[in-house]
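Residues per chain, in single letters:
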Amino acid sequence: EEEEEKPEMSLKSAMLYLAMITILISILSGFLVGSIDGFCTSTGVSKTFVGLIILPVVGNAVEHMTAVRSAMNNKMDLAMGVAVGSSTQISLFVAPLTVIIGWYMGKPMTLNFPQYEIVLYVLSVLVVAISISYPKSNWLEGSVLITTYCLIAIGFWYEKVDETAI
């Protein structure tokens, strides 16, 4: 049986800290987004690679640590919920909402992805679905997930994107 965990801080202080950190993160995110153009120009890295590979790793570092810590404490349901829940939230809520807000602001946005990206998205969804369909796991499944991510990163690194069309 699992023991009931006692909270380390009160609800009021947790909400206060959450509000303060949210404000700080929003300010730092503004700096990060503002520096993307200069970074892409100086390094020659495409905005697609930065947006699909670098920003998610940097932006979700705390989330990744939470998933790893939960897995190390043998709380696999929480670890899987954190890891898979975030990508589900982005694909089903944030991306369509961003397009709708873009339309409202007069920015031409669409969910019409290039065929290459759709194939990679379908591949990643299949690999994750197969990996989590069986309740037990081993090191090989983890290495398949990491290899898939690395292959997708390599694919986007070498993808030629017409930056003027974006």
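In this text the structure is predicted, and so the values were computed from the model without any measurement.

Draft legend 1. Spatial organisation of the overall build of the protein. For the protein, the helix and strand inventory stands at seven helices and zero strands. Across the protein, helices and strands are ordered from the amino to the carboxyl terminus as α-α-α-α-α-α-α. Along the three orthogonal principal directions, the C-alpha set of the protein runs to about 60 × 40 × 30 Å. When the 166 residues of the protein are sorted by exposure, 15% land in the buried category. At a minimum sequence separation of 6, the contacts of the protein that also span at least 24 residues come to 47%. Taken as a whole, the protein presents about 13400 Å² of accessible surface, with 70% of it coming from carbon and sulfur. Separation of charge centres in the protein, based on 8 positive and 14 negative side chains, amounts to 6 Å.

Draft legend 2. Focus on the nonpolar core. With 10 residues, the main nonpolar core is built from Ile36, Cys40, Val45, Phe49, Val50, Ile53, Leu120, Ile152, Ala153 and Phe156. Secondary-structure elements contributing two or more residues to this core are α2 (36–43), α3 (47–59) and α7 (139–158). Apart from residues no more than four positions distant in its own chain, Phe49 is found in contact with Ile54, Ala153, Phe156 and Trp157.

Draft legend 3. Local environment of the packing of helix α4 (residues 61–72) against helix α5 (residues 76–104). Two elements in contact, α4 and α5, have axes separated by 7 Å at closest approach and are oriented at 155 degrees. In terms of orientation, α4 and α5 fall into the roughly antiparallel class. As α4 runs across α5, the sense of the crossing is left-handed. Contacts between α4 and α5 involve Glu63, Thr66, Ala67, Ser70 and Ala71 from the former and Met76, Leu78, Ala79, Val82 and Ser86 from the latter. Of the residues in the contact of α4 with α5, the class split is six nonpolar, three polar and one charged.

Draft legend 4. Spatial organisation of the packing of aromatic side chains. Within this structure, the stated rule accounts for three aromatic pairs. Centroid distance Phe49 to Trp157: 5.0 Å. Interplanar angle 80 degrees. Geometry classified as edge-to-face. Remark: Trp157 occurs in helix α7 and Phe49 occurs in helix α3; sequence separation between them is 108 residues. Residue Trp157 is classed as partly exposed on the basis of its relative accessible area, which comes to 43%. Look at Phe113 and Tyr121: their rings are 5.6 Å apart centre to centre, the planes differ by 80 degrees, and that puts the pair in the edge-to-face class. Judged by relative accessible area, which is 34%, Phe113 ranks as partly exposed.

Draft legend 5. Structural context of a nonpolar patch on the surface. Together, Ile21, Ile23, Leu24, Ile25, Ile27, Leu28 and Phe31 make up an exposed nonpolar region whose accessible area comes to about 700 Å². Positionally, Ile21 belongs in helix α1 (residues 11–34).

Draft legend 6. Spotlight on the pattern of salt bridges. What the rule picks out here adds up to one salt bridge. With its nearest N and O atoms 2.9 Å apart, the salt bridge here joins Asp37 to Lys47. Of this pair, Asp37 sits in helix α2 while Lys47 sits in helix α3, and the two are 10 residues apart along the sequence. By relative accessible area, Lys47 is classed as partly exposed at 36%.

Draft legend 7. Structural context of α4. Between its first and last C-alpha, α4 extends 16 Å over 12 residues, near the 16 Å set by a 1.5 Å rise per residue. Looking one or two residues past α4, Asn74 carries a phi angle of roughly 60 degrees, positive in sign.

Draft legend 8. Structural detail: the confidence of the model for the protein. For the protein, the average pLDDT comes to 85, and 95% of its residues sit at 70 or higher. When pLDDT is averaged over each element of the protein, α1 comes out on top at 91 and α3 at the bottom at 85.

Draft legend 9. Expanded view of unusual backbone geometry. Located in the positive-phi region is Asn74, a residue other than glycine, with phi close to 60 degrees. With respect to the helices and strands, Asn74 occurs in the loop between α4 and α5.

The rules behind the values
Residues numbered from 1 in each chain as written. Predicted model: local features only at pLDDT ≥ 70, side-chain atom pairs only at ≥ 80, totals over all residues. Heavy atoms only, no water. Helix = DSSP H or I, 4+ residues; strand = E, 2+ residues; numbered from the N terminus. Buried < 20%, exposed > 50% of the residue type's maximum accessible area, 1.4 Å probe, protein only. Contact = heavy atoms within 4.5 Å. Areas by Shrake-Rupley, 256 points an atom, 1.4 Å probe, with all protein chains shown as cover. Lys, Arg positive; Asp, Glu negative; His and termini not counted. Charge placed at Lys NZ, Arg CZ, Asp CG, Glu CD. Core = buried A, V, L, I, M, F, W, Y, C linked by side-chain atoms within 4.5 Å. Axes fitted to C-alpha atoms, helices over the stretch in contact; angles between N-to-C directions. Parallel < 35°, antiparallel > 145°, perpendicular 65-115°, else oblique. Left-handed = near helix turned anticlockwise from the far one by under 90°. Nonpolar A, V, L, I, M, F, W, Y, C, P; charged D, E, K, R; others polar. Phe/Tyr/Trp six-rings, centres within 6.5 Å; stacked < 30°, edge-to-face > 60°. Patch = residues over 30% accessible without salt bridge, like charges linked within 9 Å, V, L, I, M, F, W, Y side chains within 5 Å. Salt bridge = Lys/Arg side-chain N within 4 Å of Asp/Glu carboxyl O. Expected span 1.5 Å × (residues − 1). pLDDT = per-residue confidence, 0-100.

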